[in-house]
Amino acid sequence: EIKLLYVSPGVKNFFGLSPSEVYSRSNSWGALVLEEDVSLVEKAIYDFLHNHKNYNIQYRILNQDNSVRWISGKGTVVCDIDEKRCRFVEVSEDITIMKNTEMIKFEKQKLKGVLEMAGAAAHEISQPLQVIMSETSFLSSEVMQDIEIKESLGALEEATTRLGHVINHIQNIT
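Residue numbers restart at each chain and count upward from 1, following the sequence in its written direction. For a predicted model such as this one, the threshold for reporting local features is a pLDDT of at least 70, and the threshold for listing and counting side-chain atom pairs is 80 or more; totals across whole chains, interfaces and linings nevertheless cover every residue. Only hydrogens and water are removed before side-chain values are computed, so all heavy atoms of the structure are retained for them.

J.: Please clarify how the overall build of the chain should be interpreted in this entry.
T.: Within the chain, the secondary structure is distributed over five helices and three strands. The secondary structure elements of the chain, listed N-terminal to C-terminal, are α-α-α-β-β-β-α-α. A compact globule built from 174 residues would reach a C-alpha radius of gyration of about 16 Å, whereas the chain, at 32 Å, exceeds it by more than 25%. Overall, the C-alpha framework of the chain stretches about 100 × 35 × 25 Å when taken along its three principal axes. Looking at the chain as a whole, 26% of its 174 residues qualify as buried. Any two residues having at least one pair of non-hydrogen atoms within 4.5 Å are treated as being in contact. Contacts in the chain between residues at least 24 apart in sequence constitute 42% of all its contacts with a sequence separation of at least 6. Surface accessibility in these figures is a Shrake-Rupley result with a 1.4 Å probe; residues are shielded only by whichever protein chains are displayed. Split by element, the accessible area of the chain, about 12,700 Å² in all, is 57% carbon and sulfur. We treat Lys and Arg as the positive residues and Asp and Glu as the negative residues; His and chain ends play no part in the count. Lys charges are placed at NZ, Arg charges at CZ, Asp charges at CG and Glu charges at CD. Here the chain carries 18 positive and 25 negative side-chain charges, and the mean point of each set is 14 Å from the other. For the purposes of this entry, the term helix denotes a DSSP run of H or I that reaches at least four residues, the term strand denotes a run of E that reaches at least two, and both are numbered from the N terminus. Taken over C-alpha atoms, the radius of gyration is set against a globule rule of 2.2 Å times the number of residues to the power 0.38. A simple rule labels every residue: compare its accessible area, found with a 1.4 Å probe on the protein chains alone, to the largest value its type can have, and call it buried under 20%, exposed over 50%, or partly exposed in between.

Structure, rendered in structure tokens:
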């Protein structure tokens, strides 16, 4: 038989449940756990209660204001010598700020990598583009008589110039 001995009033801040609600429905907070994290939490608690395994997990809940909160839950088993009577101590901590900071840092690193890759790609593209622009300009000056070829080379020159501006813009971002 499992009996709750103490529930901190701080449980209201985490789960939106008063201590008396937790006492009367010891499983009620579980409905707040995000679906993606339910199996992780259930496994940890099952092992905790049935196999006396300590746990340290991080999971998300949907708070009463519909915000997602990250929770760090740590459970410890304390038994008497013959393990007939055990106490289970569980401590939860709101780690939302820490997780959000980690996610922002990760996104910044990912963006930095993308920008570095874009800069390197722009550099690699600009090398052959310079050759095309140079050769197009040369051919355009050599073909005075054929209007059709001159117009085609003009269109090619215009397109490569636009592409050059795009590449310069990408290189300036990085």
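J.: Help me out: how do you make sense of the sheet that holds strand E3 (residues 86-94) in this one?
T.: Sheet strands pair via backbone hydrogen bonds, and the direction of the pair is either parallel or antiparallel. For two strands to be treated as a pair, DSSP must find at least two bridges joining them. Reading across the sheet, the three strands line up as E1-E2-E3 and stay open at both edges, with antiparallel pairing between neighbours. Edge positions in the sheet fall to strand E1 (55-62) and E3, since each has one partner strand and no second. Averaged over neighbouring strand pairs, the angle between their axes works out to 25° when direction is ignored. Pairing of E1 with strand E2 (residues 68-79), which is carried by eight bridges, proceeds in the antiparallel orientation. Each bridged residue has a counterpart across the sheet, and for Tyr 55 the counterpart in E2 is Gly 75. Where helix H3 (residues 38-50) meets the sheet, its contacts fall on E1, E2 and E3, and the angle it forms with E1 comes to roughly 140°. Working convention: axes come from line fits to C-alpha atoms, limited for helices to the stretch in contact. Angles between N-to-C directions cover 0 to 180 degrees.

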